[in-house]
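Each chain, letter by letter, is given below.
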Amino acid sequence: MLLAGTVRAQNVPTATVSHPVFLKRDVDGENDRLSFINPLSGETASVLVAGERYTPAVDALMYYDTAAGRVMLARPDGSVE
């Protein structure tokens, strides 16, 4: 299953940039891969997460982390908090 959405980039003072984000489920049997693509540079930041219920937020992708048992945010720079 592939999910596509966009989130706004951070640290862009003159313009707002939306990063397309793609979801690939069960890449290693238990984790999903989120791939954020910068449309200006073409750079991709990917992160593996044990998640479900993915929801675009203003500058991140919000999801429920099944391993941690709480809501987390994945950002276009590849960070998870």
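Residues numbered from 1 in each chain as written. Predicted model: local features only at pLDDT ≥ 70, side-chain atom pairs only at ≥ 80, totals over all residues. Heavy atoms only, no water.

Moving on, we get to the pairing of strand β3 (residues 32–37). When strand β2 (residues 18–24) meets β3, the two strands line up antiparallel, connected through four bridges. Bridge pairing in β3 links F22 to S35. Relative to strand β4 (residues 44–49), β3 is paired through six bridges, and the arrangement is antiparallel. In the strand pairing of β4, S35 is matched with S46. (Pairing = 2+ DSSP bridges. Helix = DSSP H or I, 4+ residues; strand = E, 2+ residues; numbered from the N terminus.)

Successive side chains on a regular strand alternate, one facing one side of the sheet and the next facing the other. Only one face of β4 is covered, namely the one carrying A45, V47 and V49; the face carrying T44, S46 and L48 has none of its residues buried. The turn joining β3 and β4, which pair antiparallel and follow one another in sequence, is formed by six residues; a positive phi near 85 degrees is taken by G42. (Buried < 20%, exposed > 50% of the residue type's maximum accessible area, 1.4 Å probe, protein only.)

Quick look at the pattern of salt bridges now. What the rule picks out here adds up to four salt bridges. Salt-bridge contacts for R25 lead to D32; the nearest nitrogen and oxygen are separated by 3.4 Å. You can call D32 buried: its relative accessible area is 3%. Of the charged contacts, one joins R53 and E52 as a salt bridge, the two residues approaching to 2.9 Å between their closest N and O atoms. You can call E52 partly exposed: its relative accessible area is 28%. Residues participating in the shared-partner salt-bridge network are D59, R75 and E81. (Salt bridge = Lys/Arg side-chain N within 4 Å of Asp/Glu carboxyl O.)

With that settled, consider unusual backbone geometry. Phi is positive for D26, which is not a glycine, with a value near 50 degrees. Mapped onto the fold, D26 is located in the loop between β2 and β3.

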